[in-house]
Amino acid sequence: MHKLVVLYSEPADPDHFRDYYVTRHLPLVMEMPGLLAWRYSFDVAATTGEAPYFAVFEGDFADAAAMAAARASPQGRRVAADVVSYATGGAVVIHYPVRDGAG
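Definitions and limits used
Residues numbered from 1 in each chain as written. Predicted model: local features only at pLDDT ≥ 70, side-chain atom pairs only at ≥ 80, totals over all residues. Heavy atoms only, no water. Pairing = 2+ DSSP bridges. Helix = DSSP H or I, 4+ residues; strand = E, 2+ residues; numbered from the N terminus. Axes fitted to C-alpha atoms, helices over the stretch in contact; angles between N-to-C directions. Contact = heavy atoms within 4.5 Å. Phe/Tyr/Trp six-rings, centres within 6.5 Å; stacked < 30°, edge-to-face > 60°. Buried < 20%, exposed > 50% of the residue type's maximum accessible area, 1.4 Å probe, protein only. Lys NZ or Arg CZ within 6 Å of the ring centre and 35° of its normal. Salt bridge = Lys/Arg side-chain N within 4 Å of Asp/Glu carboxyl O.

*Asks:* Any details on the sheet that holds strand E3 (residues 55–61)? Residues and values, ideally.
*Replies:* Taking strand neighbours across the sheet as the criterion, the four strands line up as E2-E3-E1-E4 in an open arrangement whose pairing is antiparallel. Looking at the sheet topology across the chains shown, the edges are occupied by strand E2 (37–41) and strand E4 (91–97). Sheet twist, expressed as the mean angle between neighbouring strand axes with direction ignored, is 15°. The sheet contacts of helix H2 (residues 64–72) involve strand E1 (2–8), E3 and E4, and relative to E1 the element is tilted by about 50°.

Rendered as structure tokens:
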């Protein structure tokens, strides 16, 4: 599995961010080809001190190639172009292969 993570900094208008994200942005995300699962939270907390992020998104893809194809697709380009509509604090996008483990 390959994970795409988006970390959002505090926006100028948190209420607008939440509303727009849920009602307009996530429906675009759900159209991305190859997206196996996704999750998000507006309740980002740090274990100590202030959290550096306001919200987080995680998307799961079969592998890096599937994620790259999704981001390059028309749907993926629409998702990327839409970020400026709500994320006034900016966003950090990272991705990585997920390694399984057991305790």
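*Asks:* Got a sec to walk through the environment of Met 1? Specific residues and values, please.
*Replies:* Considering the arrangement of structural elements, one finds Met 1 in the segment before E1. Contacts of Met 1, omitting those with residues within four sequence positions, involve Asp 60, Phe 61, Ala 62, Tyr 96, Pro 97 and Val 98.

*Asks:* Provide a residue-level description of the packing of aromatic side chains, including the pertinent values.
*Replies:* Counted according to the given criterion, the structure contains 14 aromatic pairs. Consider the rings of Tyr 21 and Phe 42, whose centres lie 5.8 Å apart with planes at 70°: the pair is edge-to-face. One end of the pair, Tyr 21, is in helix H1 (residues 14–29); the other, Phe 42, is in the loop between E2 and E3, and 21 residues separate them in sequence. For the pair formed by Tyr 21 and Phe 42, the shared burial category is buried. Across the ring face of Phe 42, the terminal group of Arg 18 is positioned such that the distance to the ring centre comes to 6.0 Å.

*Asks:* Can you lay out the environment of Arg 39 for me, pointing to particular residues and giving the numbers?
*Replies:* Tracing the chain through its elements places Arg 39 in strand E2. For Arg 39, a relative accessible area of 34% gives the class partly exposed. Along the sequence, Arg 39 and Glu 58 sit 19 residues apart, while their C-alpha atoms lie 5.3 Å from each other. If sequence neighbours within four positions are ignored, Arg 39 has contacts with Lys 3, Val 56, Phe 57, Glu 58 and Asp 60.

*Asks:* Summarise the pattern of salt bridges; cite the residues concerned and give the values.
*Replies:* Applying the stated rule across the entire model yields six salt bridges. Note that Arg 39 is salt-bridged to Glu 58, the shortest N-O span being 3.3 Å. Placement of Arg 39 in strand E2 and of Glu 58 in strand E3 is noted, with a sequence separation of 19 residues between them. For Glu 58, a relative accessible area of 26% corresponds to the partly exposed category. Between Arg 39 and Asp 60 there is a salt bridge, and its shortest N-O distance comes to 2.9 Å. A residue pair is termed long-range when its members are at least 10 positions apart, and Arg 39 in strand E2 and Asp 60 in strand E3 qualify at 21 residues. Assessed through its relative accessible area of 6%, Asp 60 is described here as buried. Here the residues in one salt-bridge network are Lys 3, Arg 39, Glu 58 and Asp 60, joined through shared partners.

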